[in-house]
Amino acid sequence: MGNSIEQDKFIVAALDTEYQLAVQNNNVETMDRILADDFILVLGDGTVITKDELLASAKNKEVIYEYQEDTEQTVRIWGDTAVVTALLRSKGTENGKPFEHKLWFSDVYVRTPSGWRYALGQASLRLPKE
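Heads up: these notes are all about the structure in this document. (Residues numbered from 1 in each chain as written. Predicted model: local features only at pLDDT ≥ 70, side-chain atom pairs only at ≥ 80, totals over all residues. Heavy atoms only, no water.)

Here we take up the overall build of the chain. Summing up its helical and strand segments, the chain has three helices and six strands in all. Ordered by position from the N terminus, the helices and strands of the chain form the series α-α-β-β-α-β-β-β-β. Against the globule reference of 14 Å for 130 residues, the chain gives a C-alpha radius of gyration of 15 Å, in line with a compact fold. Here the C-alpha coordinates of the chain stretch approximately 50 × 30 × 25 Å along the principal axes. Sequence-distant contacts in the chain: of pairs separated by 6 or more residues, those separated by 24 or more amount to 52%. Seen as two clouds, the 14 positive and the 21 negative side-chain charges of the chain have centres 3 Å apart. (Helix = DSSP H or I, 4+ residues; strand = E, 2+ residues; numbered from the N terminus. Rg over C-alpha atoms; globule rule 2.2 N^0.38 Å. Contact = heavy atoms within 4.5 Å. Lys, Arg positive; Asp, Glu negative; His and termini not counted. Charge placed at Lys NZ, Arg CZ, Asp CG, Glu CD.)

Structure follows, in structure tokens:
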């Protein structure tokens, strides 16, 4: 019996929320479990970050978050592919320098034999201050 699209949406939404919390807490184990081995993150300025680079950054606590939370989360499913879009708000320090910003992101998840994995992230440029 296959999963319904609604079940898949629920699972992926929960997984993406769990991932954002893991990033906020520099929880390397959870990030490692959710990220696909060939994961990449493309930032709004064109920087590309690999899974290994992301995990190393979390391990070294290069970013300390006061919060990192998403709103307006939408999940779309096409077979074994899911895309999560949301507005991310984050505040904290990066290498000792304070930051606070909002940006849109799209996270692509793929269904694997061991469950959904986060395969590709695309972040927008930071939104102008209100």
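The next thing to look at is the environment of V63. Summarising the element assignment, V63 is placed in strand β3 (residues 63-78). Sequence-wise, V63 and P98 are 35 residues apart; in three dimensions their C-alpha atoms are separated by 9.5 Å. For V63, the residues in contact, after removing those within four places along its chain, are N26, T93, E94 and F99.

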